[in-house]
Amino acid sequence: MAGVKTGIYVCHCGGNISDIIDVKEVVAKATALPGVAVAREYAFMCSDPGQGLIVEDIRAGRIDRVVVAACSPTLHELTFRNALIRAGLNQYLFEHINIREQASWVHKSDKAGATAKAIRLVAAGAAKVALQGPLENLTVDAVQAVAVIGGGVAGMQAALALSAAGFRVALIEKMPFLGGKLLDLDTLYPDGEKASDFLAPLVEAVSNDANIDVRCECEAEEITGFVGNFKLRIGQGGEFVAGAIVIATGFENYQPKTGEMGLGEPASNVITLPAFHAILKRHDAVAGGPGLAVVGRTIENIAFVHCVGSRQAEGVDQPQADGKVNDYCSRVCCTATLHAIKELTMRFPAIRIFDVYRDIRAYGRGHEEIYEKVAQFGTIFFRHEQDQPPVVKNGSVTVKDVLTWNEVLEIQADLIVLATGMMPHPISQLVEQLRLPRGSDRFLLEAHPKLRPVEIANSGIFLAGTCQGPMDVRETSAAARAAASKVSALLGSGKISLDPFVARVNHDRCDGCGVCLGECSYPGAIAMSETSGGPRAIVSGALCKGCGACVAVCPHQAIDVAGWGMDQFDAMVDAIVAEEA
Amino acid sequence: MTTETIAVRKDALVIGAGIAGLQAALDLADMGKSVLLVERSASIGGAMIGLSKVFPTLDCASCITTPRMASSIHHPNIETWTYADVVSVEKTGNQFHARVIRKQRHIREQDCIGCKRCEEACPVFVPDEFEHGLGARKAISIPFTNAIPQYPVLDIDNCMACGACAKACPTQCIDFLQQPGERDVEAGTVIVATGFSLTPMGAKKHYGEGKFQNVISALAAERLLAPHGPFGRVLRPSDGKIPSSIAYVLCAGSRDKSIGVPYCSRVCCMYAIKQAMLLSGSLPIADITIYYMDIRAFGKGYEQFYQNAKAMGIMFVKAKVGRIREDAQHNPIVRIERQEDNCRPEEVTHDLVVLANGMLPGFDVSCLGITKALDGFTASPHEKSLPIGTSEAGIFSAGTATGPKDIVDTVVEASAAAMEAANYLRHGGAHGRS
């Protein structure tokens, strides 16, 4: 520890920390730690003046190592590393200690205990950073091409934006044609544009784009490699090398089980909203003509039922195959249903319409206007509570309607349309191959909903559209471009900088036993190479995730993870269990 | 007014440095474009930096705004002007010319070291806008703790010219006679991220026109709940009492033609539920009621959040609030008609009422050379395929400038606008459907 000058910075987090932890006490104890030159506290270390304290201490030569005790490193580790860079210090001579999630928030009722814990965590950070040397980022080349998986609205919009930004794009679509779920729709809300009219120019632009290689009837069968250099095997032996991958695999309509909401009963008059769209499509030009007929039956009354397969509750609704109910809202069905009613009424004004709902979620621009229009048309609304779902049986809907003082009403309808929700398109093969994170709703899970909404933890892979969660066309168009934006920033310079926290092999100790290879979960990350002294393990920095599995099994302690050395772990543990904190 | 002759040339001009503008500027800068970020307030951060926690994760808002603020202010490709108004944008060929007025802080920024001695010395207290009037600031003050930049603004309207600040300033940077400056900007593309304003408390006369002390706005409630808020705890404004019965009035500034806001403001249901949850955390025995028309918990994880709130005992009452009055102790009394149960009008007395105000456009974009929609927000000729487009090729719009929106959707739109702006720079508008 000789010669080390560590600065310790304890953040109040505007009360999130300082209301529980005695930050002054933490600073007082930190000052006495070996190797510590400066210890300070501040309201928001992440704020500009907070970072300024660190920068000033470094520039003045008071410190050459930094420990910040604050929130989770996922929020601000990068912020402080950047402060070190600005001050001219190697960014990895830094340790981020979490005394918020790991102390003040979890020990709210034990202020003294939380403070004591914070002191020990800070001591561990100081002990670790004292043994830290400067590290340099790894750099890999970025192939100027992108694989977009899924040829619906999201995939096409992402492909067009990326092509315009100068990247070669492979647009991979499983079906024989582009367009995705929009191919099944009649018209789109809020303006009533025909889905086919919306799609046509998009498909044409994609097809005419020399930078976009459309691969219909293809799937990404195997994906290897790493950020900047993914190799995809795409149907019929084709291969595509891409710097990044955009996942735009979309959604599936919720399909009620036979018997659920009366669907599939003998002589059933129950259909789903997508099936109703197909009917509307066939009755395209009949406004003013004969009425709506479905399988030969003239339709005079239609009942729409919201939230089928969405907003489900455990104990009320049947779980899906994985044992979970769809407890989420599918976002688009309310307005989609109201829009279908509007279209229907404009074409067949004589049809009586009933709408059975829990909450009308007409949230978006132009949605409320559709709701109002539909109400003006004379649609009769029934509202039910979650634990009193409507029953669809023998061609009628029975609902306990809270709008008429909980009266139980039976709606006799010629046709019953179920507003079915969204579920992610099944992509288990991709999920397994790329280790994609999924949420409890089964949709792909973004790294952070606000800070990184189209990124996932896996570097070089981005999300576009409804593979991530329900959204409408407008929102999908934005999400696809957002994904393109992140790809463009990542690949644009031709080089990608990666964290240096990867395994390092000491070849003087390694005897080539190969135990590490068996333990590594990332294909290609560690391999044997013939050297003059025999076989030795070598690490591919771009593939190694720094998990440390190889470190644990190496019988000769020949492997270490940069920035997380065994000596550093020892020092941290010693500091945490020290007699006197 | 002093006109500086230097014209600033950048690839992109981003107007507004809330979360939308910050994200758009960062994405463009990360794509190697030079960006001028212009913010009319004295600090970047927008509405988000004033929030307590955010739904549905309950992350603290500061914690996820400050990383974006810090990255943008230090990004080598971003130049930031705060306390500056874009007064016009004109297009010539493929270039945009903007006139920007840099308002006077009455300090020489190049000399200010942010030491706050002026603020400490100033004897004048005025209501603090950042705390929505629930706290006080000095007539010369840095806008809030984690403001960027850390320059004070001397509020000349409230200054009594005692000179205490000038005496206290160690660098003699106070300048009482400072004039605003005008600068010309040339940019290849423009992103409008001018955000929203809250429907005013006085908009609905049935709700007291903002005159009842214990009927507060949603953003004021955010400050009450913020860990570093004005009181550090939840107290009601009239008498500092800890409220034991709190009500939220949803759609208090939305879905209401009588105040000219027919649309849904999209975020109010969720922020009301979030605030209710935070309140029940800090005031465990308080009764919390949410009066609603529909609960629009439509985003990712929102429905589950709503169900959690119900499970926590927050009362959801489907009722439109017709009128609010107050009694002699300033307790707000809400007159409701329950849509469920008996449907008879009734009056309920609460200690504190929070209006779920809606969103209005934060800025009149007409001066930027683009047309606005009937609702006042920006309009795209291709609303579904290019939601971030505007009536002028090369000008894009993101976040609540395009309509009410939550933070997640705002951030996504901001990145989308950055992508389109970068592609416009590359092709001069000769691509896509715009």
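Here is what the cut-offs are and how they apply
Residues numbered from 1 in each chain as written. Chains lettered and ligands numbered in written order. Predicted model: local features only at pLDDT ≥ 70, side-chain atom pairs only at ≥ 80, totals over all residues. Heavy atoms only, no water. Helix = DSSP H or I, 4+ residues; strand = E, 2+ residues; numbered from the N terminus. Rg over C-alpha atoms; globule rule 2.2 N^0.38 Å. Buried < 20%, exposed > 50% of the residue type's maximum accessible area, 1.4 Å probe, protein only. Contact = heavy atoms within 4.5 Å. Areas by Shrake-Rupley, 256 points an atom, 1.4 Å probe, with all protein chains shown as cover. Lys, Arg positive; Asp, Glu negative; His and termini not counted. Charge placed at Lys NZ, Arg CZ, Asp CG, Glu CD. Axes fitted to C-alpha atoms, helices over the stretch in contact; angles between N-to-C directions. Parallel < 35°, antiparallel > 145°, perpendicular 65-115°, else oblique. Left-handed = near helix turned anticlockwise from the far one by under 90°. Nonpolar A, V, L, I, M, F, W, Y, C, P; charged D, E, K, R; others polar. Salt bridge = Lys/Arg side-chain N within 4 Å of Asp/Glu carboxyl O. Disulfide = S-S within 2.5 Å. Pairing = 2+ DSSP bridges. Polar contact = N/O pair within 3.5 Å; in protein donor to acceptor, adjacent residues only side chain to side chain. Domains from an automatic or database assignment. Buried area = accessible area lost by both parts, 1.4 Å probe. Core = buried A, V, L, I, M, F, W, Y, C linked by side-chain atoms within 4.5 Å. Patch = residues over 30% accessible without salt bridge, like charges linked within 9 Å, V, L, I, M, F, W, Y side chains within 5 Å. Phe/Tyr/Trp six-rings, centres within 6.5 Å; stacked < 30°, edge-to-face > 60°. Lys NZ or Arg CZ within 6 Å of the ring centre and 35° of its normal.

**Q** I'd like a rundown of the overall build of chain B, residues and numbers included.
**A** Helix and strand content of chain B: eight helices and 22 strands. Whereas a compact globule of 434 residues would reach a radius of gyration of roughly 22 Å, chain B reaches 23 Å, a difference of no more than 12%. Looking at chain B residue by residue over its 434 residues, the buried ones come to 61%. Considering only residue pairs separated by 6 or more positions, chain B has 66% of its internal contacts joining residues 24 or more positions apart. Summed over its atoms, the accessible surface of chain B is roughly 15,500 Å², and 51% of this surface lies on carbon and sulfur atoms. Positive and negative side-chain charges of chain B, numbering 44 and 45 respectively, have mean locations separated by a distance of 2 Å.

**Q** Before we move on, can you summarise the packing of helix α6 (residues 153-164) of chain A against helix α7 (residues 195-208) of chain A with the specific residues and values?
**A** Relative orientation and spacing of two packed helices are given, respectively, by the angle between their axes and the distance between those axes. All names here are of chain A. Between α6 and α7, the least distance of the axes is 10 Å, while the angle of their chain directions is 45 degrees. One way to sum up the angle between α6 and α7 is to call them oblique. As α6 packs across α7, the resulting crossing turns out to be left-handed. Here α6 contributes V153, M156, Q157 and L160 to the contact with α7, which in turn contributes F198, L199, L202, V203, A205 and V206. Its residues assigned to classes, the contact of α6 with α7 shows nine nonpolar, one polar and no charged.

**Q** Outline the pattern of salt bridges, supporting the account with residue identities and numerical values.
**A** Across all of its chains, the model carries 63 salt bridges over all chains by this definition. Between R81 of chain A and D499 of chain A there is a salt bridge whose closest N-O contact spans 3.5 Å. Placement of R81 of chain A in helix α3 (residues 73-87) and of D499 of chain A in the loop between β26 (495-498) and β27 (503-505) is noted, with a sequence separation of 418 residues between them. Owing to a relative accessible area of 5%, R81 of chain A belongs among the buried residues under this scheme. Among the residues examined, D499 of chain A registers a relative accessible area of 41% and is labelled partly exposed. In this structure, the salt-bridge partner of E182 of chain B is R99 of chain B, at a minimum N-O distance of 2.7 Å.

**Q** Account for the state of the cysteines, with residues named and values stated.
**A** Tallying each qualifying case throughout the model produces one disulfide over all chains. Covalently, C60 of chain B is tied to C63 of chain B through a disulfide, its sulfur atoms 2.0 Å apart. Its S-S torsion of approximately 70 degrees makes the covalent link between C60 of chain B and C63 of chain B right-handed. As far as burial versus exposure is concerned, C60 of chain B and C63 of chain B are alike and both buried. Not engaged in a disulfide, the cysteine C333 of chain A finds its nearest cysteine sulfur in C329 of chain A; these two sulfurs lie 6.3 Å apart. You can call C333 of chain A buried: its relative accessible area is 9%. No disulfide involves C173 of chain B; its sulfur sits 3.7 Å from the nearest other cysteine sulfur, which is in C169 of chain B.

**Q** Give me the lowdown on the sheet that holds strand β2 (residues 36-42) of chain A, citing residues and values where you can.
**A** All names here are of chain A. Read from one edge to the other, the open sheet built from four strands follows the order β2-β1-β3-β4, with strand pairing classed as parallel. Every other strand in the sheet has two partners, leaving β2 and β4 (94-98) as the edge strands with one partner each. Direction aside, the axes of adjacent strands within the sheet are offset by 15 degrees on average. Packed on one face of the sheet, helix α1 (residues 23-31) meets β1 (6-11) and β2 and runs near 175 degrees to β2.

**Q** So what about the side chain of S280 of chain B? Which residues, and what values?
**A** All names here are of chain B. One can find S280 in helix α6 (residues 268-282). Reaching out from S280, the side chain makes a polar contact with the backbone oxygen of M277 at a distance of 3.1 Å. In contact with S280, other than residues within four places in its own chain, are I288, M312 and I314.

**Q** An account of the domain arrangement of chain B is requested, with residue identities and associated values reported.
**A** Residue and element names in this part refer to chain B. Taken domain by domain, chain B comprises domain 1 (2-103 + 180-195 + 362-428), domain 2 (117-168) and domain 3 (200-358). Relative placement of domain 2 and domain 3: their C-alpha centres are 31 Å apart. With five residues of domain 2 at the interface, the matching set in domain 3 holds nine residues. Summing both partners gives a buried area of about 630 Å² for domain 2 against domain 3, and 69% of it is carried by carbon and sulfur. The interface formed by domain 2 and domain 3 holds one salt bridge in total. A salt bridge links E131 to R223; the nearest nitrogen and oxygen atoms lie 2.8 Å apart. Linking domain 2 with domain 3 are one residue pair in polar contact (both at pLDDT 80 or more), by the criterion used here. Across the side of domain 2 that touches domain 3, the residue classes break down as two nonpolar, two polar and one charged.

**Q** Break down the nonpolar core for me, citing the residues and quoting the values.
**A** Counting 119 residues, the largest nonpolar core has L162 and V246 of chain A together with L28 and V89 of chain B as its most contacted members. Two domains share this core, each providing at least three of its residues, namely domain 1 (2-103 + 180-195 + 362-428) and domain 2 (117-168) of chain B. Contacts of L162 of chain A, omitting those with residues within four sequence positions, involve V146, V148, F167, V169, V246, A484 and V487 of chain A. Among the nonpolar cores identified, the runner-up in size contains 65 residues, and I20 and I63 of chain A together with I19 and L51 of chain B belong to it.

**Q** Explain the interface of chain B and chain A to me, using residue names and the numbers behind them.
**A** How big an interface is tends to be reported as the loss of accessible area on association of its parts. Chain B puts 80 residues into the contact, and the matching count from chain A is 76 residues. Taken together, both faces of the contact between chain B and chain A bury some 6,200 Å²; the carbon and sulfur share is 52%. At the surface where chain B touches chain A, the tally comes to 17 salt bridges. For the salt bridge of R474 of chain A with E413 of chain B, the shortest nitrogen-to-oxygen distance reads 3.0 Å. Of all the elements in the fold, those that place two or more residues in the side of chain B that touches chain A are α1 (19-30), β3 (53-54), β4 (59-60), α2 (61-74), α7 (302-311) and α8 (407-427) of chain B. For the side of chain B that touches chain A, the element with the highest residue contribution is α8 of chain B, accounting for 14 residues. The class makeup of the residues in the side of chain B that touches chain A is 34 nonpolar, 21 polar and 25 charged.

**Q** So what's going on with the environment of L219 of chain B? Residues and values would help.
**A** All names here are of chain B. By the element assignment, L219 lies in helix α5 (residues 218-225). On a C-alpha basis, the gap between L219 and A356 in space is 8.9 Å, while along the polypeptide they are 137 residues apart. Beyond its immediate chain neighbours, meaning those up to four positions away, L219 contacts L51, H132 and L198.

**Q** Please give an account of unusual backbone geometry that cites residues and values.
**A** In this structure, the amide linkage connecting Y189 of chain A to the following residue, P190 of chain A, adopts the cis form with an omega of 0 degrees. By the secondary structure assignment, P190 of chain A is in the loop between β7 (168-172) and α7. Between F55 of chain B and P56 of chain B the backbone carries a cis peptide bond, its omega angle lying at -5 degrees. Its place among the elements puts P56 of chain B in the loop between β3 and β4. If you check the backbone angles, Q557 of chain A has positive phi at about 45 degrees while not being a glycine.

**Q** Describe the sheet that holds β7 of chain A, with residues and values.
**A** All names here are of chain A. The sheet built from five strands is open, its strands ordered β8-β7-β6-β12-β25 with parallel pairing. A single partner strand is all that each edge strand has here, and the edge strands are β8 (212-215) and β25 (461-463). Adjacent strand axes in the sheet meet at a mean angle of 20 degrees when their direction is disregarded. Pairing between β7 and β8: four bridges, direction parallel. Bridging across to β8, A170 finds its partner in D213. Across the sheet, α6 touches β6 (145-149), β7, β8 and β12 (244-247), and the angle it forms with β7 is around 170 degrees.

**Q** How would you sum up a nonpolar patch on the surface? Please name residues and give values.
**A** Together, M175, F177 and L183 of chain A make up an exposed nonpolar region whose accessible area comes to about 270 Å². The topology assignment puts M175 of chain A in the loop between β7 and α7.

**Q** I'd like a description of the packing of aromatic side chains, backed by residues and values.
**A** Scanning the entire structure with this criterion turns up 16 aromatic pairs over all chains. One aromatic cluster is present, built from ring pairs that chain together Y363 of chain A together with F55, F298 and Y302 of chain B. One Lys or Arg, K103 of chain B, reaches over the ring of Y83 of chain B and ends 4.9 Å from the middle of that ring.

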